[in-house]
Amino acid sequence: MTVDLRGLRRSPLGGPLVTGSVQAVRLHELPWRTLIELRIATAPDGSGAQTGAVESALGLELPSAGLASSDGDRLAVWLGPGWWLLDEPESGAAAAGGMEAFEAPIVQLLRAAGGPTSAVDVSAGFAVLELAGPRAAAVLAHGCSIDLHPRVFGPVRAARTMVAKAQVVLAQTGGVVPTYRIWVRSSFARYLAEWLLDAMTEYR
Amino acid sequence: MLRIPCPWCGPRDETEFAYGSQAHIAYPVDPSTVDDAAWAAYLFFRDNPRGWFAERWMHRAGCQRWFNVIRHTVTYEIAASYPPGAAGPGADALSAAEAPIGHRA
Ligand SMILES: [Zn+2]
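Note that residues are indexed from 1 along each chain, following the sequence as it is written. The naming scheme follows written order: chains are lettered A onward, ligands numbered 1 onward. Two thresholds apply to this predicted model, a pLDDT of at least 70 for residue-level local features and 80 or more for giving and counting side-chain atom pairs, whereas whole-chain, interface and lining totals are computed over all residues. The basis for every side-chain value is the complete set of non-hydrogen atoms in the structure, without hydrogens or water.

Quick look at the layout of surface pockets now. As a volume, the second largest pocket reaches approximately 290 Å³. Residues are said to line a cavity or pocket when one of their atoms sits within 4 Å of a point; the points come from a 1 Å grid over protein atoms alone, cavities being sets where a 1.4 Å probe fits but cannot get out and pockets being open sets with protein on both sides within 12 Å along at least five of seven lines. If you go around the second largest pocket, you meet 18 residues; those closest to its centre are Ile 146, Val 152 and Phe 153 of chain A together with Cys 9 and Arg 12 of chain B. Three classes are used: nonpolar for Ala, Val, Leu, Ile, Met, Phe, Trp, Tyr, Cys and Pro, charged for Asp, Glu, Lys and Arg, and polar for all others, with Gly counted as polar. Residues belonging to the lining of the second largest pocket are distributed by class as follows: 11 nonpolar, 2 polar and 5 charged. Grid points are joined across faces, edges and corners, and a volume is the space filled by probe spheres set on the points.

All names here are of chain A. In this description a helix means any DSSP run of H or I spanning at least four residues, a strand means any run of E spanning at least two, and both kinds are numbered starting from the N terminus. In this scheme, a helix's expected span is set at 1.5 Å multiplied by one less than its residue total. Helix length check: helix α5 (residues 186-200) (15 residues) gives 21 Å between terminal C-alpha atoms against 21 Å at 1.5 Å per residue, within 8%. Relative accessible area decides the class of each residue, using a 1.4 Å probe on protein chains only: under 20% of the type maximum gives buried, over 50% gives exposed, and in between gives partly exposed. Burial in α5 covers these residues: Ala 189, Leu 192, Ala 193, Leu 196, Ala 199 and Met 200. We call two residues contacting when some pair of their heavy atoms lies within 4.5 Å. Contact partners of the buried residues in α5: β1 (26-29), β7 (126-132), α4 (136-141), β8 (158-163), β9 (166-172) and β10 (179-185).

Residue and element names in this part refer to chain B. Listed donors are limited to N, O and S atoms within 2.8 Å of the metal, widened to 3.2 Å for Na, K and Ca; water is not among them, so incomplete-looking sites are possible. For the zinc ion, the full set of protein donor atoms is Cys 6 (SG), Cys 9 (SG), His 59 (ND1) and Cys 63 (SG), and the range of their distances to it is 2.0 to 2.4 Å. Just to be clear on the cut-offs, tetrahedral is four donors with all angles between 85 and 135 degrees, square planar is four donors and octahedral six with opposite donors over 155 degrees apart and all others between 65 and 115, and anything else goes down as irregular. Seen from the zinc ion, its 4 donor atoms lie at angles of 104 to 120°, and the figure they make is tetrahedral. Site description for the zinc ion: donor spacing in sequence, C-x2-C-x49-H-x3-C. Here Cys 9 is found in the loop between β1 (3-6) and β2 (10-13), whereas its partner Cys 63 is found in the loop between β4 (52-58) and β5 (66-72), with 54 residues between them in sequence. Residue Cys 63 is classed as buried on the basis of its relative accessible area of 3%.

On to the environment of Ser 56 of chain A, then. Residues and elements named next belong to chain A. By the secondary structure assignment, Ser 56 is in helix α1 (residues 52-58). Given the relative accessible area of 60%, Ser 56 is considered exposed. With 55 residues separating them along the chain, Ser 56 and Arg 111 place their C-alpha atoms 12 Å apart.

Attention shifts here to the sheet that holds strand β3 (residues 18-22) of chain B. All names here are of chain B. Taken in spatial order, the 4 strands of this open sheet run β3-β4-β5-β6, and their pairing is antiparallel. If you trace the sheet from one side to the other, it starts and ends with β3 and β6 (78-82), each paired once. Averaged over all neighbouring strand pairs, the angle between strand axes comes to 30°, with direction disregarded. Any two strands with at least two DSSP-identified bridges between them are counted as paired. Of the pairings in the sheet, the one linking β3 to β4 comprises 3 bridges and is antiparallel in character. By the bridge assignment for β4, Gln 22 is matched with Glu 55. Axis lines are fitted through C-alpha atoms, for helices just across the contact stretch, and the angle between N-to-C directions can take any value from 0 to 180 degrees.

A common way to express how large an interface is: the accessible area buried when the components associate. With 19 residues of chain A in contact, the opposing surface of chain B contributes 14 residues. Carbon and sulfur atoms supply 45% of the area buried between chain A and chain B, which totals about 1200 Å² over both sides. Buried area: the accessible surface (1.4 Å probe) lost by two parts on joining, summed over both. For chain A, the biggest contributors to the area lost against chain B are Pro 81, Ser 145 and Arg 160 of chain A; these three give 35% of the whole. Here, a salt bridge means any Lys or Arg side-chain nitrogen found within 4 Å of an Asp or Glu carboxyl oxygen. Our count for the chain A to chain B interface comes out at 0 salt bridges. If you tally residues by element for the side of chain A that touches chain B, the top one is β8 of chain A, at 4 residues. Class assignment for the residues of the side of chain A that touches chain B results in 10 nonpolar, 6 polar and 3 charged.

Okay, here's the thing in C-alpha cells:
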C-alpha cells in the first residue's frame, strides 16, 4: 500500500508564503523542485569529465564553468569541475509513486554514465527562491561580493557563492526582467528570505 | 580582504576560501621507512619566507577544489593561481618576479 504523504509535508518557507515584495523586485519560493547533485570524475586539475552519455540520458547540456543551461523548466547549473546541480519540476508520478519511481531517473543517469559517477537527490536539503525585477541585482549586491553587473553576470550565468554570509547557488535565469534563482540550505532559508525582504524595503 | 583568483571560478573574496598552508609538500614515498625526525619535519615544519610563497587554498564556498596560489607575504600581491598537479611558476621565475614598488623584500 502506498500512502500519499504529500498533504503532510511543508516546504522550508511554507510554499508561496514569501511573496512579500515590492514593485521593483519580487521574492517567492519555488517549492517541491527535484534537485539532484551530479558528480562525474575528473583529473586532479579538474579536466576530463566524460559528460556525453549523461547529457544524452538527461536531454540537457551540462554547462561549463560559471554557466547554467536550461530546457524549458529544467535547469543544470555548474557548481565546480565535474559537479552540477540539476533542478527539475517535481514529476507527479515520482511524488505519488514512492521511492522506486523517485529513484528511477537517478538510476537511469548512473547507468548511462558508466564510469565513476554519483547522483544524489538533495531536494529536501535546499529551498529554492526566485528574486525577480529591475532592482533584483541591486538587492543581491547588498550581501554578495561577486560582480552582478548584467555585463558580467547576465542570463545563464551561475555561481556557487555567499549571499548575506549564507552559502548559496545563484543563477541568472531571466530574460526580459532580470530573474535570479537562489538555492539555499533549508536551515538557512528562513534567515535568507527575511534578509532579502529586509534588503528590498528601500526599493519600495 | 584578499581577492583570490580561483582557477575555475575566477576572482572571489577571501571569505569564500579555506587556507591550506605551504604548497608542493610531497607525501613521503614510503611513510613506514621514515624516521621520527623526518616525519616531524614533513608534518610540522614549513617555510616562512618574506617574499613570494607558494601556498594552498580551497574554494570552500564555491567549487570546493584545492589549488595553489603564489602570494607575496609582504605585499599580499598574488602572482599566479593554478590547479594541483600543474607546474607553477618555477623558483627562478619567482625570485626574478618583482615585488611591488615600495615593498621590496
Ligand atoms: Zn572555485
